[in-house]
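As a plain string of letters, each chain reads:
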Amino acid sequence: MFLNRCFRLCNGCCRVVYSGRKREWRTLTGYRTAKYANTTVVGLCATVVPRHHFHSDLGDLHNNECVQKYLQQLVEEYRDLGRKLQHDHLSESDRKVLSRRQTELLPVALLFESVQQALKDQEEVTSLLHSCTGVKDEDKLFAQQLKEEEEQISQKLLSLRKDLVKALVPTDPLDPSNILLEVVSGRTTGGDICQQFTREMFDMYQGFASFKNWDFDLINYTNAEYGGLHHAAARITGENVYRHLKNEGGTHRVQRIPEVGLSSRMQRIHTGTMTVIILPQPAEMDVHIDQKDLRIDTYRSRGAGGQSVNTTDSAVRIVHLPTGITAECQQTRSQLQNKDTAMRVLRARLYQSMLGKESSQRLAARKQQVGSRSQSERIRTYNFSQDRVTDHRTGYTTRDIKEFMRGGEALQNLISDVLEHAEMEALLEEVENSKQPKASGQSADHGSQ
């Protein structure tokens, strides 16, 4: 009987959830799954749920056994730091290091104490409620007040637990950064739907920038035939731009019936792709570029832009010879302005390359389990025939594709869902890393926690 309902298997941090209605599964952490009969078992600290019945959020991780152990570890570390800072024999440098770490853990410790206090309040109210068995009107009124207070405390606990889990999520130092957005047309089985879709996607992100009150500065725009777009780039500046758009990078697939031609008359669906590239531009981007490593070419601008643009060598292409990374700009009549913009693009691409090298070793082991999540992998499908957009990383599906492509609230909802799942994965990965043996040079004080 209980197999036809649902069950959870907890072995350390392995958790299985089954629903008899559908055999569709996915993991919050992206861990690959192994199917055995009517169950699916996933890797450490992963959660498996039926795709169409997923209503989880960060707050649900509070009850995860591994997360609870990690939380207790941090709280004990915070208390231990407080005891160490009371010692007079600490050097000034050691005191600064310990104080900095204590400050980092302070929000977690405060929220943990708030949760504990709320649990005590809830236990006290529940005890009073059970002891209130009188039949007088005063007793009934008091019991009603206790029930209302119990409900308020329960809601407060849910909110505090979600805030506590959010406080555990590792912060990305690049989140406040501005970005360089690039869109590149892909290949198609026929017709010009890739170029058309690329233009629509670029317009969608421009609309989203307007929705978020961000600045959207065009850098490059290469038209295709029949109103499509081969490639375009823009700089988006505003509050936490990279945090919202960092998960948009990847291959986006379109499925639609072409507007003209034989396929249109036969109602034949074509499939095409385009790629979105998101490059962070942090305020302090420490990238040294030696001028002797650059080759700077000038050429006449292509495409629309007026007679003056197309008849002067205002377009600039810069090649970084050691890496082969290229950046170009042809948007203005001024060669100097185009060169300055191309240098900003080149700097951002070099910075992204540096980040990739630094994180390649860390991602290598996890890639075998969860996939590379690189920008070459398909992340989302836009099915115009079915009026549907589906994100393949989370299973999130939304309808009214025309409204979605305007780049407003519908896109914001999907981005928020993907971001929350990414934060879940980041937290679970942090929890897993915390269980690894500490380096020999580190203090053993926390190893026993």
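Our subject is the structure that appears above.
The structure contained in this document is the topic of the report that follows. What you are looking at is a predicted structure, and each value in this text was computed from that prediction instead of being measured.

Attention shifts here to the overall build of the protein. Along the backbone of the protein there are ten helices and 17 strands. Split into buried and exposed, the 449 residues of the protein put 43% on the buried side. A separation threshold of at least 6 residues defines the contact pool for the protein, and within that pool the share at least 24 residues apart is 64%. Carbon and sulfur atoms make up 47% of the accessible area of the protein, which amounts to about 25000 Å² in all.

Sheets are built from strands that pair by backbone hydrogen bonding, the pairs being arranged parallel or antiparallel. Taken in spatial order, the three strands line up as β12-β13-β14 in an open sheet, and their pairing is antiparallel. This sheet does not close on itself; its edge strands, each paired only once, are β12 (294-299) and β14 (325-329). Across this sheet, the average inter-strand angle for adjacent strands is 15°, counted without regard to direction. Note: β12 against strand β13 (residues 315-320), six bridges, orientation antiparallel. Paired with tyrosine 299 across the two strands is alanine 315, which belongs to β13.

Here helix α2 (residues 92-131) contains 40 residues, and its C-alpha end-to-end distance of 56 Å stays within 8% of the 58 Å for a straight helix at 1.5 Å per residue. Approximately 45° is the largest bend angle found in α2, and it occurs at leucine 105, with the proline proline 107 only one to four residues beyond. Of the positions making up α2, those classed as buried are Leu98, Leu105, Val108, Ala109, Leu111, Phe112, Val115, Ala118, Val125 and Leu129.

Another aspect to go through is the side chain of asparagine 383. Summarising the element assignment, asparagine 383 is placed in strand β15 (residues 378-383). Engagement of the side chain of asparagine 383 in a polar contact is seen with the backbone nitrogen of serine 385, the distance being 3.1 Å. Once residues lying within four places of it in the same chain are set aside, the contact partners of asparagine 383 are Gln255, Arg388 and Ile401.

Turning to the environment of arginine 406, a few remarks are in order. One can find arginine 406 in the loop between α9 (401-404) and α10 (409-434). You can call arginine 406 exposed: its relative accessible area is 55%. For the pair arginine 406 and aspartate 203, spaced 203 residues apart in sequence, the C-alpha separation works out to 7.7 Å. Within the structure, the side chain of arginine 406 is placed 2.6 Å from the side chain of glutamate 403, a separation counted as a polar contact.

A word on unusual backbone geometry. At asparagine 240, a position not held by glycine, the phi torsion is positive, near 55°. Residue placement: asparagine 240 occurs in the loop between β9 (229-237) and α5 (241-245).

At a minimum axis distance of 10 Å, the contact between helix α1 (residues 65-84) and α10 shows a crossing angle of 65°. Considering their axes alone, α1 and α10 lie roughly perpendicular with respect to each other. As α1 packs across α10, the resulting crossing turns out to be left-handed. Seen from α1, the contacting residues are Cys66, Val67, Tyr70 and Gln73; seen from α10, they are Leu427, Leu428, Glu430, Val431 and Ser434.

Each value, and the rule that gives it
Numbers given for residues are sequential positions, taken from 1 along each chain in its written order. Whole-chain, interface and lining totals are the exception, using all residues; otherwise, since this is a predicted model, local features are given only for residues with pLDDT of at least 70 and side-chain atom pairs are given and counted only at 80 or more. Only hydrogens and water are removed before side-chain values are computed, so all heavy atoms of the structure are retained for them. Working definition: helices are DSSP H or I runs of at least four residues, strands are E runs of at least two. Numbering for both runs from the N terminus. Exposure categories follow from relative accessible area, calculated using a 1.4 Å probe and restricted to protein chains: below 20% of the type maximum is buried, above 50% is exposed, and the middle band is partly exposed. Only heavy atoms enter the contact rule, under which two residues are in contact if any of them lie within 4.5 Å. Calculation of accessible area relied on Shrake-Rupley with a 1.4 Å probe; when residues are assessed, cover is drawn exclusively from the protein chains displayed. Strands qualify as paired when DSSP identifies two bridges or more between them. Axis lines are fitted through C-alpha atoms, for helices just across the contact stretch, and the angle between N-to-C directions can take any value from 0 to 180 degrees. Every helix has an expected span of 1.5 Å times one less than the residues it contains. Bend is computed residue by residue as the angle between axes fitted to the seven residues ending at the residue and the seven residues starting at it. N or O atoms within 3.5 Å of each other form a polar contact, as long as, within protein, one can give a hydrogen and the other can take it, and as long as residues adjacent in sequence are counted only when both atoms are side-chain atoms. Orientation is classified from the angle alone, with under 35 degrees giving roughly parallel, over 145 giving roughly antiparallel, 65 to 115 giving roughly perpendicular, and any other angle giving oblique. Note on convention: near helix rotated counterclockwise from far helix by under a right angle means a left-handed crossing. Clockwise means right-handed.

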